[in-house]
Amino acid sequence: MPEMVGDWRRLWGISAYRLLIAAVIAVLLHLPASETIIDLGGHARLLRVLTLVAATVSLGYLLALLLRRPVQPRYHAWIQVSTDTLLVLLLLRFGGGVSGPFSILPFLLLVSTASLLRGKSAFVFVWILLALLVSESLLGGMASEHPPLGQLFIYVLALVAVAVLADSLVLSLERGNRLALQRDAEVVNLNALNREIVQHMDVGVFVLDRQNRVVLSNPIARTLSGYRLWTSAPAALDMVQPRLATALRQPAPGDGEMIITLGGRDPTLQDSAQTLLVRKIALPQSPYCLLLLRDASALRAREREAQLAALGRLAANIAHEIRNPLSVIRHAGNLLGESVENPGSRHLFEILERETVRINAIIESVLEMARPSPAHSESIGLSDWLPTLVTQLQADPLLAPMTIVIREISPQLQIYADPAQLRQVFWNLLHNSAQYGVAEDATMRVEIETVRADKETVMVTLRDFGSGVKPEVMERIFEPFFTTNSRGTGLGLSMVRELLRINGGRIDCGNHPQGGVLFRIFLPCWCLEAVE
């Protein structure tokens, strides 16, 4: 397709030059002083008519060429070369031959022939033209006086040389054009590949120009920036993310990375500020620079998860080794306590019993987290299941004083999860609220609301009315063994997160703007695809 487009452009160009040359010759021949400019011999009237015909034919042919009739450019090439040859021979015949004013036209004809036909076809036509010129010069009336053989020989040699040079030049230009087209195609493909790579990178990428405008970005960078009005036009970085633009104006640290704190991603939650790790990369000899954006909190979370996974494996091994000796100690304490009648000593054995039970509960929790049971998921209608569960859980003495308000739940709202594991999730969350979410007036209140988050997810929110959580605590709230209660194990919320992960869900936490802590649970909706 590109070659055909190039052929048509070449045809249009040569046709336009032909029309220009014919028009100039026609004008010169029709000037009042034309005989003083061009020696017309005895064929002035015939040459004037011939040039007018040539100009008219050239104009008509150019119009036909613009309409692409016929449709194959190769046919046009032969038509043009044949027409040009006929016109040039007529002009030479009646215009003084190779010694006349039109002797330059065969050279132009050879150049156009080399450009249109190229290769062997062009040389065949060149030799035909030379034979016609020689025969006309030697045998017939191109001029009243035949040119000397030496002049004719040099003229023919010059034509052959021009033909060879023109063909070589045309071939060189075509090779250069093909190479340029190939390079352009490679550049286009490489740019497309680079764009695809950038779009699928797991690091946010901004490409900035000298005016500090974002000219290229990938989905992760657009998400991290929080800007919502993206278009194909470049956007000023001050509009996309003002804090990022301000930070870039400051001198970069030694390692070139900056930590920038942005606003929270969810305006309904407090203490949810997003932290970005930003690296600016200058591109030498280029008007652009790169910004690489990474979510610092996500990086820290991954590092923490790796550390906690290793710690969990170690704790599971230790717990397994401790459980058996602890059982022996507890049994021995019970036997020893039965033989002691002193009330003071019996109280000590009660403390021993209570603490060994507590240690055993911690060990069981650690082992359960290290080797969680697989989820046996099924469809759960929350409108019936959740109120029933809350009633059962409030049989627990710690949860009995708690006021639990369940907002209206649509009967069509169903989730896909393991009921036993989900029961443990709500038990842990309500126990956490009972311990840390007590209001200033000593009342315990939790509000539960269930909505459809999107087409495939249900969101269940639990809000208490306590004093909230400090940011430094919020950052570690789901870590195993992290607790602010000296009597706590620090495993409840960590187990909640693990149980939800097993069931294809997740949980996040934040301080509610009106006070208290807000837990948001995301669970998959019930659908046939989830079962299959």
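The model shown is predicted, which means the values in this text are computed figures rather than measured ones. Numbering of residues starts from 1 in every chain and runs along the sequence as written. In keeping with the predicted nature of the model, local features appear solely for residues at pLDDT of at least 70, side-chain atom pairs appear and are counted solely at 80 or more, and the whole-chain, interface and lining totals rest on all residues. With hydrogens and water stripped out, all remaining heavy atoms of the structure feed into the side-chain values.

Participant: How should I be thinking about the packing of aromatic side chains in this particular structure?
Facilitator: To describe a pair of aromatic rings, one takes the distance between the centres and the angle between the planes. In this analysis, rings of Phe, Tyr and Trp, with Trp reduced to its six-membered ring, are considered paired at centre separations within 6.5 Å, and the interplanar angle assigns stacked below 30 degrees, edge-to-face beyond 60, and tilted for intermediate values. Per the counting criterion, the structure on display carries three aromatic pairs. Seen in terms of ring centroids, tryptophan 385 and phenylalanine 426 are 6.2 Å apart; in terms of plane orientation they differ by 65 degrees. Their pairing is edge-to-face. You can see tryptophan 385 sitting in helix H13 (residues 382-393) and its partner phenylalanine 426 sitting in helix H14 (residues 419-436), a full 41 residues away along the chain. The exposure classification of tryptophan 385 matches that of phenylalanine 426, with both residues buried. An aromatic cluster is defined as three or more aromatic residues linked by ring pairs; in this entry it consists of Phe206, Tyr227 and Trp230. Numbered from the N terminus, helices here are DSSP runs of H or I no shorter than four residues, and strands are runs of E no shorter than two. Relative accessibility thresholds used throughout: buried, under 20% of the residue-type maximum; exposed, over 50%; partly exposed, between the two (1.4 Å probe, protein chains only).

Participant: Sorry if this is basic, but what is going on with the pattern of salt bridges here?
Facilitator: Oppositely charged side chains can form a pair if their charged atoms are brought close together. By definition, a salt bridge exists where a carboxyl oxygen of Asp or Glu is found within 4 Å of a side-chain nitrogen of Lys or Arg. With the rule as written, the count across this model stands at seven salt bridges. Notably, a salt bridge pairs arginine 213 with aspartate 209, separated by 2.8 Å at the nearest N-O pair. By relative accessible area, aspartate 209 is classed as buried at 9%. One salt bridge connects aspartate 508 with arginine 520, and the closest N-O pair in it is separated by 3.1 Å.

Participant: So what exactly am I meant to see when it comes to unusual backbone geometry here?
Facilitator: Note on backbone geometry: most residues besides glycine have negative phi, and most peptide bonds are trans. Of note in this structure, asparagine 212 is not a glycine but carries a positive phi near 60 degrees. Positionally, asparagine 212 belongs in the loop between strand S1 (204-208) and strand S2 (213-217). Backbone geometry places alanine 442, a non-glycine residue, at a positive phi of 70 degrees. Relative to the helices and strands, alanine 442 is located in the loop between H14 and strand S10 (445-454).

Participant: I'm lost on the environment of threonine 391 in this one. Help?
Facilitator: Relative to the elements of secondary structure, threonine 391 occurs in helix H13. We classify threonine 391 as exposed; its relative accessible area is 58%.

Participant: Which parts of the structure should I look at to understand helix H10 (residues 242-249)?
Facilitator: Each α-helix winds once per 3.6 residues, and so residues spaced three or four apart point in a common direction. Inspection of H10 places Leu244, Ala245, Ala247 and Leu248 among the buried residues, and these make up the whole buried set. Angular distribution of buried residues about the axis of H10 spans 160 degrees; they occupy a single face of the element. In this description, the arc belongs to the directions extending from the helix axis to the C-beta atoms.

Participant: Before we go on, may I ask you to explain the sheet that holds strand S13 (residues 517-524) in this structure?
Facilitator: Two strands are counted as paired when DSSP detects at least two bridges linking them. The strand order S8-S10-S11-S13-S12 describes an open sheet built from five strands, whose pairing is mixed. What marks the edges here is a single partner per strand, and that holds for strand S8 (403-406) and strand S12 (506-511). Within the sheet, the average angular offset between the axes of one strand and its neighbour, ignoring direction, is 20 degrees. Pairing of S12 with S13, which is carried by six bridges, proceeds in the antiparallel orientation. For glycine 510, the partnering residue across the bridge sits in S13 and is leucine 518. In this description, contact between two residues means that some pair of their heavy atoms is separated by no more than 4.5 Å. To get an axis, a line is fitted to the C-alpha atoms, and for a helix only the part in contact is used. The angle between two axes follows their N-to-C directions and goes from 0 to 180 degrees. Packed onto the sheet, helix H16 (residues 492-502) meets S12 and S13 and runs at close to 140 degrees relative to S12.

Participant: Is there a simple way to explain the pairing of strand S6 (residues 289-295) in this structure?
Facilitator: Moving residue by residue along a regular strand, the side chains alternate between the two faces of the sheet. Along S6, the buried face is formed by Cys289, Leu291, Leu293 and Asp295; none of Leu290, Leu292 and Arg294, which line the opposite face, is buried. Pairing between S1 and S6: five bridges, direction antiparallel. Note that in S6 the partner of glycine 204 across the bridge is leucine 293.

Participant: Mind showing me how you'd approach the packing of H13 against H14 here?
Facilitator: The relative placement of two packed helices is expressed as an angle between their axes plus a distance between the axes. With their axes 11 Å apart at the nearest point, H13 and H14 run at an angle of 55 degrees to one another. Looking at the two axes, H13 sits oblique to H14. H13 and H14 meet at a crossing whose hand is right-handed. Of the residues in H14, those in contact with Trp385, Leu386, Leu389, Gln392 and Leu393 of H13 are Pro419, Leu422, Arg423, Phe426, Trp427 and Leu430. Here roughly perpendicular refers to angles of 65 to 115 degrees, roughly parallel to angles under 35, roughly antiparallel to angles over 145, and oblique to all remaining angles. Note on convention: near helix rotated counterclockwise from far helix by under a right angle means a left-handed crossing. Clockwise means right-handed.

Treat this as a map of the structure, not an account of what it does.
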